[in-house]
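Single-letter residue listing:
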Amino acid sequence: MDIQYVNSMNYEKFSYVFGNVIEKCPLVAAAVWSKRPFKDILDLENNIEEFIDSLPQSGKEGILRCHPDLAGKDFLSGSLTVESQGEQRSAGLTTLTPGQVSQLQQLNTSYRDRFHFPFVVCARKSDKDTIIQQLSLRVHNPPEQELLIGMEEVKKICHLRLLDIFDQVSRL
């Protein structure tokens, strides 16, 4: 896909194609559509980041709440988005031992109870042991710090999803 094609997309097509670059937040794609034309993929990504950075704290927390717990109930029930399934699989979360599943569930619960949103990490840039280690450490962060870290992880996820979209469409 080239940027000219992206810039020519109508609202519905753009929202469909880019609606999950921020997990379950098609509103972000809808808001960014009006910023066309984009110079390149980096310009598109920068517009997405500027939009989410401009959100109030409640909006940022809302974006984080759209993410599933890692190896959580959505994962176990098979109801993750296609993107999240692949990301959790790439981190090795499909090969957790029963003890690791239990540990991760306990940590997820502690984290969610403390921050009122799920632990978010770019799973594709990590592995199951690092995820468990990071979750064990980050659960003790101050809420303001954790909100910032979580949003930076959302941006990493968005970056990789944008690259996937451009690569996948170019192969069609």
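Criteria and cut-off values
Residues numbered from 1 in each chain as written. Predicted model: local features only at pLDDT ≥ 70, side-chain atom pairs only at ≥ 80, totals over all residues. Heavy atoms only, no water. Core = buried A, V, L, I, M, F, W, Y, C linked by side-chain atoms within 4.5 Å. Buried < 20%, exposed > 50% of the residue type's maximum accessible area, 1.4 Å probe, protein only. Helix = DSSP H or I, 4+ residues; strand = E, 2+ residues; numbered from the N terminus. Domains from an automatic or database assignment. Contact = heavy atoms within 4.5 Å. UniProt positions renumbered as here; feature names shortened; annotations may be inferred. Buried area = accessible area lost by both parts, 1.4 Å probe. Salt bridge = Lys/Arg side-chain N within 4 Å of Asp/Glu carboxyl O. Polar contact = N/O pair within 3.5 Å; in protein donor to acceptor, adjacent residues only side chain to side chain. Nonpolar A, V, L, I, M, F, W, Y, C, P; charged D, E, K, R; others polar. Phe/Tyr/Trp six-rings, centres within 6.5 Å; stacked < 30°, edge-to-face > 60°. Axes fitted to C-alpha atoms, helices over the stretch in contact; angles between N-to-C directions. Parallel < 35°, antiparallel > 145°, perpendicular 65-115°, else oblique. Left-handed = near helix turned anticlockwise from the far one by under 90°.

Caption draft 1: Expanded view of the nonpolar core. Ranked by internal contacts, the top residues of the largest apolar core, which has 50 residues, are Phe 18, Ile 22, Leu 44, Ile 48, Ile 63, Leu 104 and Ile 131. Only helix H1 (3-8), helix H2 (11-18), helix H3 (26-33), helix H4 (41-54), helix H5 (57-65), helix H8 (98-115), helix H9 (128-138) and helix H10 (143-170) provide two or more residues apiece to this core. Per element, the largest residue contribution to this core is 9 residues, and it comes from H10. Counting the residues that make up this core, at least three belong to each of domain 1 (3-60) and domain 2 (62-150). If sequence neighbours within four positions are ignored, Leu 104 has contacts with Leu 70, Ala 71, Leu 93, Leu 96, Ile 131, Ile 132 and Leu 135.

Caption draft 2: Representation of the UniProt feature "domain: Oxo-4-hydroxy-4-carboxy-5-ureidoimidazoline decarboxylase" (unreviewed entry) in the protein. Using the residue numbers shown here, the UniProt feature "domain: Oxo-4-hydroxy-4-carboxy-5-ureidoimidazoline decarboxylase" (unreviewed entry) corresponds to residues 7-162. Counted over residues 7-162, helix gives 67% and strand 0%. Its end C-alpha atoms are 15 Å apart.

Caption draft 3: Quick look at the domain arrangement of the protein. Under the domain assignment used here, the protein contains domain 1 (3-60) and domain 2 (62-150). Measuring from the centre of the C-alpha atoms in domain 1 to the corresponding centre in domain 2 gives 25 Å. Across the contact, 12 residues belong to domain 1 and 12 residues belong to domain 2. Between domain 1 and domain 2, a total of about 930 Å² is buried, with carbon and sulfur atoms accounting for 59% of that surface. When the buried surface of domain 1 facing domain 2 is broken down by residue, Glu 23, Lys 24 and Lys 60 rank first, second and third, together holding 57% of it. For the pair domain 1 and domain 2, the interface holds 0 salt bridges. Viewed at the interface, domain 2 and domain 1 are joined by 9 residue pairs in polar contact (both at pLDDT 80 or more). Broken down by element, the side of domain 1 that touches domain 2 gets its largest block of residues, 4 residues, from H5. Classifying every residue of the side of domain 1 that touches domain 2 gives 5 nonpolar, 4 polar and 3 charged.

Caption draft 4: Focus on the packing of aromatic side chains. In total, this model carries 8 aromatic pairs according to the counting rule given. Aromatic side chains Phe 18 and Phe 166 sit 6.2 Å apart centroid to centroid with 45° between the ring planes, which places their arrangement in the tilted category. Residue Phe 18 is found in helix H2, and its partner Phe 166 is found in helix H10; the two are separated by 148 residues along the sequence. The same class applies to Phe 18 and to Phe 166, which are both buried. When the centroid spacing of 5.4 Å and the interplanar angle of 80° are considered together, the rings of Tyr 111 and Phe 119 count as edge-to-face. For Phe 119, a relative accessible area of 1% translates into the label buried. Put simply, the rings of Phe 14, Phe 18, Phe 38 and Phe 166 touch in pairs and so form one group of aromatic residues.

Caption draft 5: Inspection of the packing of H3 against H4 at higher detail. Closest axis-to-axis distance for the H3/H4 pair is 10 Å, and the angle between their directions is 115°. Between H3 and H4, the crossing angle belongs to the class labelled roughly perpendicular. Crossing handedness for the pair H3 and H4: right-handed. For the pair formed by H3 and H4, the contact residues are Val 28, Ala 31 and Val 32 on the first element and Leu 44, Asn 47, Ile 48, Phe 51 and Ile 52 on the second. Along the lines of polarity and charge, the residues of the contact of H3 with H4 split into 7 nonpolar, 1 polar and no charged.

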